[in-house]
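Close look at the chain arrangement
Spelled out from the first residue to the last, the chains are:
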Amino acid sequence: ADGNYIFDATLNDFMSTRTIRQDDGSVRWDKNESIKIFYNSQTYGVFTSKNQAVSSSVSFGGKFNYPISDSDISSNGIIALYPSQDAEYNEGKVTFTLPSEQEAEVGTFKKGMFPSIAQSKSSALSFYNICGGIKLSVSNEGIKYITLRGNNSEYLAGRISVSFTQSGIPDYSIVDGVTEITLTAPQGGYFEVGKVYYIVALPGTLLNGFTMVYHTDNEVLTSRINNTITIHRSKFGLVLNKDV
C-alpha cells in the first residue's frame, strides 16, 4: 500500500494526549492536528487529523515518504509522536525538543506543547503522555512571565530521546537538557487573576524542591518550596497563588 494511510488515534492516559484540556481533566484533539509516524529512520510521514470538532478519538490521514505495506507495519511496527515538528527516529527512540520557552493559554496549554507517543503494529494508535507539569494561578495583577527551576538544577525541558519500557510506558533520556522553564502570559500581555495556566515539564524528582519567580514590569516576586517534589508523567501539581 503506497497510497494514503489512515490511522485511528485514541487515548491511554486519563490526562490524555491531546491539546485542549477539558474541565474534567481530560484532554482532546483539536482540529487540524498533525502527528509524525516513523517506520524507521528513513521512512516516515506527517499525518493530519480529519476531525471537524474537538474530539477524544480521531483519524489521521497522510502518506509515508517511501512506500510500505500493511505487512511491513504488522511485522515491524511504527512509532507516532505528537506534535509532528522537530522529531527524529533512530533505533527505537524518538528524539525531539520540549521547549523551555512556553506561551501560556488560559485553562489549557498551547497547541503542540503537551507531547505524546504511541507504538503499534496496526492502524490503531494508542497514545501515552510523555510529560507532566504544574497547574498555576496568580494573585497579583501585572505579571508578565513566570520562571520555574529546580533547586538542585534538575533538567525540566530540552531535547530528549523517548523510548518505551517493557511495560509499554514511555520513558526518556536527556540529550541536551535545560534547567529553567519560562511561561509567558498570553499574547504578550499579563496573567489574569483567578485563571489557571499550565507549565509543561519533564517527569522527575526535584530533590530540594523548586523555585518559581513571578516577573512584573518593575518587580520580581519569588516563591521557594524546599520539600522534595516529584513531577509525574501525565499529572499536573497545583501551585496556586504563590506570588506573594
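Refer to the preceding data block for the structure.
What you see is a predicted model; the values in this text were computed from it and never measured. (Residues numbered from 1 in each chain as written. Predicted model: local features only at pLDDT ≥ 70, side-chain atom pairs only at ≥ 80, totals over all residues. Heavy atoms only, no water.)

**Some points on the side chain of Gln 102**
Heads up, the rule is: Labels follow the DSSP assignment, with helices taken as runs of H or I lasting at least four residues and strands as runs of E lasting at least two, numbered in each case from the N terminus. Pairs of N or O atoms are called polar contacts if they sit within 3.5 Å, as long as, within protein, a hydrogen donor faces a hydrogen acceptor (for residues adjacent in sequence, only side-chain-to-side-chain pairs). Whether two residues are in contact is decided by their heavy atoms: any pair within 4.5 Å suffices.
Within the secondary structure, Gln 102 sits in strand S10 (residues 101–105). Only 3.0 Å separates the side chain of Gln 102 from the backbone oxygen of Pro 99, close enough to count as a polar contact. The contacts of Gln 102, once residues within four sequence positions are left out, are Met 113, Ile 181, Thr 182, Leu 183, Thr 184, Tyr 198, Ile 199 and Val 200.

**A short note on the packing of aromatic side chains**
Spelled out, the test is: For this analysis, a ring pair means two rings from Phe, Tyr or Trp (six-membered ring only for Trp) whose centres lie within 6.5 Å, classed as stacked if their planes differ by under 30 degrees, edge-to-face if by over 60, and tilted for the remaining angles. The cut-offs for exposure are 20% and 50% of the maximum accessible area for each residue type, with area from a 1.4 Å probe on protein chains only; residues under the lower value are buried, those over the upper are exposed, and the others partly exposed.
Applying the stated criterion to the full structure yields 13 aromatic pairs. Centroid distance Phe 109 to Phe 114: 4.8 Å. Interplanar angle 25 degrees. Geometry classified as stacked. Overall, Phe 109 belongs to the buried group, its relative accessible area being 2%. Taking relative accessible area as the criterion, Phe 114 reaches 1% and is therefore assigned buried. On the basis of an interplanar angle of 75 degrees and a centroid distance of 5.7 Å, the ring pair of Phe 109 and Tyr 198 is categorised as edge-to-face.

**Here we look at the environment of Gly 133**
Position of Gly 133 relative to the elements: it lies in strand S14 (residues 132–137). Assessed through its relative accessible area of 5%, Gly 133 is described here as buried. A C-alpha to C-alpha distance of 30 Å links Gly 133 and Gly 61, two positions 72 residues apart in sequence. If near-sequence neighbours (up to four positions away) are discounted, Gly 133 is found in contact with Ile 199, Ala 201, Ile 231, Lys 235, Phe 236 and Gly 237.

**Here's the deal with the nonpolar core**
What counts here: As used here, the term nonpolar core means buried Ala, Val, Leu, Ile, Met, Phe, Trp, Tyr and Cys residues forming a set that is joined through side-chain atoms within 4.5 Å.
In terms of nonpolar packing, the biggest core is built from 45 residues, with Phe 191 and Met 212 touching the most fellow members. By residue number, the principal contributor to this core is strand S19 (residues 197–201), which donates 5 residues. Not counting residues up to four positions away in its chain, the partners in contact with Phe 191 are Ala 104, Val 138, Ile 143, Lys 144, Tyr 145, Ile 146, Leu 183, Thr 184, Ala 185 and Tyr 197. Core analysis: the second largest hydrophobic core is formed by 19 residues, Tyr 39, Ile 68, Ala 118 and Phe 127 among them.

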